[in-house]
Amino acid sequence: MRIGIAGSGAFGTALAVTLAQAGQQVTLWARDAAAVETMRSERRVARLPDIDLPEGIDPVSELSALFACDTILLALPAQATRVFVTDHAGALAGKVLVACAKGIDLHSLTGQTAIIAEAVPSATPALLTGPSFAADIARGLPTALTLACTDTGCGAALQKALSTPTLRLYRSADVIGAELGGALKNVIAIACGACIGAGFGDSARAALMTRGFAEMQRLAAALGAAPETLMGLSGFGDLVLTCSSELSRNYRYGLALGRGEAFDSHTTVEGAATARAVTDLAAARGLDLPISAVTARMVAGDLTPLQALDALINRPLKEERE
Ligand SMILES: NC(=O)c1ccc[n+]([C@@H]2O[C@H](COP(=O)([O-])OP(=O)(O)OC[C@H]3O[C@@H](n4cnc5c(N)ncnc54)[C@H](O)[C@@H]3O)[C@@H](O)[C@H]2O)c1
Ligand SMILES: O=P(O)(O)OC[C@H](O)CO
């Protein structure tokens with residue numbers, strides 16, 4: 001298996017580091033030729049400034065070098081994946097394409113593997129997702145993720161090839177469930193950040209995580225996910241991590257919303273676009289997802305955190321299981 005990674009941001013680089021440390025040769029592609037020159041000369045990347053790039057990583061800006069690989073990990077922001085795979089559909093034909101982004105595409109309202117399947121029908125789509133901060137993976141801290149693929153033979157081969165002494169992969173055939181867990185938890189993490197930033201407290205955050213998880217399960221079931229997948233690393237596991245750590249960009253963005261502070265617009269915050277996508281998906285299916293809905297409105301600037309709290313807490317009383 002010849003492994004290439006598209007995107008030398010925090011996550012793509014972290015995966016390249018752990019794979020190279022485990023003895024794999026990895027082609028790490030970035031679109032910015034000047035940044036690649038720096039990576040080659042200094043063996044560092046901007047997004048993980050404290051990490052040395054092992055020799056096994058070959059940073060490239062030529063797409064031909066990336067497309068020489070048979071297995072390509074797509075570590076671009078979720079909203080960039082569709083254009084990338086569509087623009088390069090010919091070169092990607094027949095390859096194993098592992099989506100690493102956590103988000104629902106706003107254009108198609110589908111997950112990352114459906115985008116790949118539509119743009120490159122001859123490719124084998126797979127997904128790598130679950131609770132992990134790039135810096136933890138790159139530093140060699142123990143991490144467990146989900147590798148999802150409907151082609152079970154390919155899933156098993158990927159699980160073996162992409163596991164390292166510090167990165168343990170669990171296999172799943174439920175790609176839809178795994179990708180929805182990773183995408184939807186980002187929306188709830190923004191809500192939790194806003195809750196803490198606005199000073200509503202840890203009890204309110206626990207309520208948001210729990211009721212937010214119920215929303216994730218409701219939407220995932222409506223879209224064909226297996227319920228148990230949401231209980232695993234890609235759902236519950238990633239929800240816990242992202243809603244409780246200031247290392248999460250989604251959570252920090254929520255904190256800024258809650259405090260009424262500005263947030264760096266160049267930071268990747270996947271939950272912002274996915275909150276809009278969730279609102280559209282829920283409306284089309286008649287689903288009630290109140291936390292996701294108020295989060296989308298906070299992100300759009302239509303609600304303050306106090307107004308969002310008011311809208312949630314004054315809803316008609318109901319049974320917990322509903
Ligand atoms: N950082 C983490 O801890 C982490 C962990 C797990 C999953 N992820 C997921 O990985 C995905 C990428 O996140 P990240 O942390 O690497 O983000 P990042 O912002 O650090 O890096 C994104 C990279 O993609 C490049 N890029 C953006 N648009 C592009 C385009 N149109 N074409 C080519 N390159 C483009 C950027 O230049 C940047 O190098 C996200 O969906 C995120 O949820 C991140
Ligand atoms: O920094 P975030 O919020 O994108 O979270 C990173 C990972 O998704 C956590 O698993």
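The rules we used
- Residues numbered from 1 in each chain as written.
- Chains lettered and ligands numbered in written order.
- Predicted model: local features only at pLDDT ≥ 70, side-chain atom pairs only at ≥ 80, totals over all residues.
- Heavy atoms only, no water.
- Core = buried A, V, L, I, M, F, W, Y, C linked by side-chain atoms within 4.5 Å.
- Buried < 20%, exposed > 50% of the residue type's maximum accessible area, 1.4 Å probe, protein only.
- Helix = DSSP H or I, 4+ residues; strand = E, 2+ residues; numbered from the N terminus.
- Contact = heavy atoms within 4.5 Å.
- Patch = residues over 30% accessible without salt bridge, like charges linked within 9 Å, V, L, I, M, F, W, Y side chains within 5 Å.
- Areas by Shrake-Rupley, 256 points an atom, 1.4 Å probe, with all protein chains shown as cover.
- Salt bridge = Lys/Arg side-chain N within 4 Å of Asp/Glu carboxyl O.
- Near = heavy atom within 4 Å.
- Polar contact = N/O pair within 3.5 Å; in protein donor to acceptor, adjacent residues only side chain to side chain.
- Domains from an automatic or database assignment.
- UniProt positions renumbered as here; feature names shortened; annotations may be inferred.
- Buried area = accessible area lost by both parts, 1.4 Å probe.

S.K.: Any details on the nonpolar core? Residues and values, ideally.
M.R.: Judged by nonpolar contacts, the single largest core of 38 residues is most densely connected at Ile5 and Leu15. Element by element, the count of residues in this core is highest for helix H1 (residues 10-21), at eight residues. Look past the residues within four positions of Leu15 in its chain and what remains in contact with it is Ile5, Leu73, Cys100, Leu128, Ile137 and Leu167. Leu208, Met209, Met216 and Ala282 belong to the second largest nonpolar core, which has 30 residues in total.

S.K.: Could you give me a rundown of a nonpolar patch on the surface, with the residues and numbers involved?
M.R.: The grouping of Leu306, Leu309 and Ile313 at the surface amounts to a nonpolar patch, some 300 Å² of accessible area in total. Within the fold, Leu306 resides in helix H16 (residues 305-313).

S.K.: Outline the site of ligand 1, supporting the account with residue identities and numerical values.
M.R.: Taken together, 20 residues sit near ligand 1, with Ala10, Ala134, Arg249, Thr268 and Glu270 positioned nearest. At 3.4 Å, a backbone N or O of Gly9 approaches an oxygen atom of ligand 1. Thr268 places a polar side-chain atom, nitrogen or oxygen, 2.5 Å from an oxygen atom of ligand 1. Relative to its unbound accessible area of 830 Å², ligand 1 is 84% covered by the protein chains. A domain split of the shell around ligand 1 shows at least three residues from each of domain 1 (3-173) and domain 2 (177-313).

S.K.: Describe the UniProt feature "domain: Glycerol-3-phosphate dehydrogenase NAD-dependent N-terminal" (unreviewed entry) in the protein chain, listing the residues and the values that go with them.
M.R.: Residues given the UniProt feature "domain: Glycerol-3-phosphate dehydrogenase NAD-dependent N-terminal" (unreviewed entry) here are residues 3-152. Measuring from the first to the last C-alpha atom of residues 3-152 gives 19 Å, for a span that is 37% helix and 21% strand.

S.K.: Explain the domain arrangement of the protein chain to me, and be specific about the residues and the numbers.
M.R.: When the domains of the protein chain are assigned, the result is domain 1 (3-173) and domain 2 (177-313). Measuring from the centre of the C-alpha atoms in domain 1 to the corresponding centre in domain 2 gives 25 Å. Each partner contributes to the interface: domain 1 provides 25 residues, whereas domain 2 provides 26 residues. Surface buried jointly by domain 1 and domain 2 totals about 2,000 Å² across both partners, of which 68% is contributed by carbon and sulfur atoms. Three residues, Lys102, Ile104 and Phe133, lead the burial of domain 1 against domain 2; their summed loss comes to 33% of the area buried on that side. With its nearest N and O atoms 2.7 Å apart, the salt bridge here joins Asp238 to Lys102. Linking domain 1 with domain 2 are six residue pairs in polar contact (both at pLDDT 80 or more), by the criterion used here. Only helix H4 (78-87), helix H6 (112-119), strand S6 (124-129) and strand S7 (143-148) provide two or more residues apiece to the side of domain 1 that touches domain 2. No other element matches the four residues that S7 contributes to the side of domain 1 that touches domain 2.

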